[in-house]
Amino acid sequence: MRLLTHNMLSSNIKGVTNGFPLRIEVEKVVEKEVDLNMDFLRNMFAKIEWKALVEASRTMGYSELPDDAESSMLDSDEFLRKFHHALLELHLEEGALVCPETGRKFPVNKGIPNMLLHEDEV
């Protein structure tokens, strides 16, 4: 699971008001090389919750992203490469996503998060 996906997911358990960002529990991280598309990154920047991306990337062992980012940084090739690596090349292969409010764990197996809810959570 890429951090792009993680940045878009939240816990939809009944009664949960603060289901984002999901905390990551890492068992296995894989880096998969992806072609750099700077236009894609510039377009996605405004849609990304930056603090959640930084926290998630650090949890997965990548600490190259700055704590804060602004759109003027999109002119820097170095910044775009680091953003690209965190967003698209780091994959949570095995682990779990944890609801910040309830602590419910959603397993991630072979890079696929299982966000299905139990009957009592709907």
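The rules behind each value
- Residues numbered from 1 in each chain as written.
- Predicted model: local features only at pLDDT ≥ 70, side-chain atom pairs only at ≥ 80, totals over all residues.
- Heavy atoms only, no water.
- Salt bridge = Lys/Arg side-chain N within 4 Å of Asp/Glu carboxyl O.
- Helix = DSSP H or I, 4+ residues; strand = E, 2+ residues; numbered from the N terminus.
- Buried < 20%, exposed > 50% of the residue type's maximum accessible area, 1.4 Å probe, protein only.
- Phe/Tyr/Trp six-rings, centres within 6.5 Å; stacked < 30°, edge-to-face > 60°.

J.: If you had to explain the pattern of salt bridges to someone new, which residues and values would you point to?
T.: A full pass over the atoms with the stated rule returns 9 salt bridges. For Asp 68, the salt bridge identified is with Lys 51, shortest N-O distance 2.8 Å. Of this pair, Asp 68 sits in the loop between α3 (50-59) and α4 (77-89) while Lys 51 sits in helix α3, placing them 17 residues apart in sequence. The burial state of Asp 68 is the same as that of Lys 51; both residues are exposed. Between Glu 78 and Lys 82 there is a salt bridge whose closest N-O contact spans 3.0 Å. Within this pair, Glu 78 and its partner Lys 82 are both found in helix α4, separated by 4 residues, close to a single helical turn. Glu 78 gets classed as exposed once you look at its relative accessible area, which sits at 54%. Connected via shared salt-bridge partners are Arg 23, Glu 25 and Lys 105.

J.: Hey, could you go over the packing of aromatic side chains for me, with residue numbers and the actual values?
T.: Each aromatic ring pair is characterised by the separation of its centres together with the angle its planes make. Going through the model one piece at a time under the given rule, you end up with 6 aromatic pairs. For the ring pair Phe 45 and Phe 79, a centre distance of 6.3 Å and an interplane angle of 75° mean the geometry is edge-to-face. Of this pair, Phe 45 sits in helix α2 (residues 38-45) while Phe 79 sits in helix α4, and the two are 34 residues apart along the sequence. Phe 79 carries the same exposure label as Phe 45, and that label is buried. Their ring planes at 55° and their centres at 5.6 Å tell us that Trp 50 and Phe 83 sit as a pair that is tilted. One end of the pair, Trp 50, is in helix α3; the other, Phe 83, is in helix α4, with 33 residues separating them in the sequence. With relative accessibility at 0%, the residue Phe 83 sits in the buried group.

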